[in-house]
Amino acid sequence: MPIDRVVPALLVAIGVAVAGWTVSQGLERFRMSDRTITVKGLAEREVESDFVVWTLTFRRAGNVFGEVQKALAADREQVAAFLREAGIEDAEVEVRPLQVIDVYSREYSQPNQPMRFTGSGQVLVKSARVAEVSRAALAIDPLIQAGLVIEGGDGPRYQLRGFNAAKAPLLAEATRNAREQASKFAAEAGAALGRLKSANQGVIRIAGDDGGDFDDGSSRVKRLRVVSTFEYELQ
């Protein structure tokens, strides 16, 4: 076949291959003029949280300041005893000062307030022993049954403080994924994959394992996802 017909035919064949790969793979851009290919590499993995913060807030109300304060102090002792029995160490517990407010002294207080004083106390658990704190949070019922008004929010809030340790293997996986796609496309197009021209690691997104798109701290297991972009030369 004359050379002037071979080149157009080759270009058409490559174009068909590009179209197919664009639909089914991570191919983002193919430029025949400078013989480069741009692909996206996807990587996802689940990682266990390595730190937890659990805030326990308790409240009391009454018409006698001293009684409200005394009741809050007793509640605080019960919370501390519960945590010790659950295996939480003293170094992992932060006790906040008690607060008692005279409702009648507020500028916008209502005259029909049934209780003059309201108060609250707060105990925070901060620990790298995620499993132990999780178990304690699931065993809080005895405190409620003892009459404590506990506001535990949505429970412990889980964090991934060792993010950098989880980041490296995730990016390595995205890189492998992109190179595999690029190599497969090059082979289909009758070319050889050349050197890496540029790379953009993208944004690593952290979400919970509940199917949501962001991490609100309630999930003990974090789902990491990254889409990285790579540009390779074709030979």
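Scroll up a little and you will see the structure.
Source: prediction; values computed, not measured.

Visitor: Help me understand the overall build of the chain in this model?
Guide: Scanning the chain for helices and strands turns up 5 helices and 11 strands. Taking the intrachain contacts of the chain between residues at least 6 apart in sequence as the baseline, contacts between residues at least 24 apart amount to 76%. Only carbon and sulfur atoms are counted for the fraction: they give 52% of the accessible area of the chain, which is about 13,700 Å².

Visitor: What exactly am I supposed to notice about the pattern of salt bridges here?
Guide: In a structure, side chains of opposite charge can pair up when their charged atoms sit close to one another. As enumerated under the stated definition, the model contains 10 salt bridges in all. Put simply, Arg129 and Glu92 hold a salt bridge, and the shortest N to O gap is 2.8 Å. Taken together, the positions of Arg129 in the loop between strand S6 (117–127) and helix H3 (130–138) and Glu92 in the loop between helix H2 (65–85) and strand S4 (93–95) put the pair 37 residues apart, joining distant regions of the chain. Asp215 is paired through a salt bridge with Lys222; the nearest N and O atoms lie 2.9 Å apart. Overall, Asp215 belongs to the partly exposed group, its relative accessible area being 29%.

Visitor: Explain the nonpolar core here, please?
Guide: Trp54, Leu56, Val79, Leu83, Val125, Ile140 and Ile150 are the most contacted members of the largest nonpolar core, which totals 22 residues. When residues of this core are traced back to their parent elements, those giving at least two are strand S3 (51–62), H2, S6 and H3. The leading source of residues in this core is H2, at 5 residues. If we skip the residues at most four places from it in the chain, Val125 touches Val52, Val53, Trp54, Leu56, Leu83, Ile88, Glu92 and Val133. Of all hydrophobic cores here, the second largest spans 12 residues; its members include Phe185, Ala191, Phe230 and Tyr232.

Visitor: How do you make sense of the environment of Ser120 when you look at a structure like this?
Guide: Relative to the assigned elements, Ser120 resides in strand S6. Take Ser120: its relative accessible area is 14%, and that puts it in the buried class. For the pair Ser120 and Gln69, spaced 51 residues apart in sequence, the C-alpha to C-alpha distance is 8.9 Å. When sequence neighbours within four positions are dropped, the list of residues in contact with Ser120 reads Phe58, Arg59, Leu72, Leu98 and Gln99.

Visitor: Quick question: what am I supposed to make of H3 here?
Guide: The periodicity of an α-helix, 3.6 residues per turn, causes residues three or four places apart in sequence to face the same way. Every buried residue belonging to H3 is among Val130, Val133, Ser134, Ala136 and Ala137, and all of these are buried. Seen from one end, H3 has its buried residues packed into an arc of 160°, which puts them on one side. Every exposed residue of H3 that faces more than 90 degrees away from the buried side is listed here: Arg135 and Leu138. Buried residues along H3 sit in contact with S3, H2, S6 and strand S8 (157–159).

Thresholds, definitions, all that
Residues numbered from 1 in each chain as written. Predicted model: local features only at pLDDT ≥ 70, side-chain atom pairs only at ≥ 80, totals over all residues. Heavy atoms only, no water. Helix = DSSP H or I, 4+ residues; strand = E, 2+ residues; numbered from the N terminus. Contact = heavy atoms within 4.5 Å. Areas by Shrake-Rupley, 256 points an atom, 1.4 Å probe, with all protein chains shown as cover. Salt bridge = Lys/Arg side-chain N within 4 Å of Asp/Glu carboxyl O. Buried < 20%, exposed > 50% of the residue type's maximum accessible area, 1.4 Å probe, protein only. Core = buried A, V, L, I, M, F, W, Y, C linked by side-chain atoms within 4.5 Å. Arc of directions from axis to C-beta.

What is shown is where atoms sit, not what they do.
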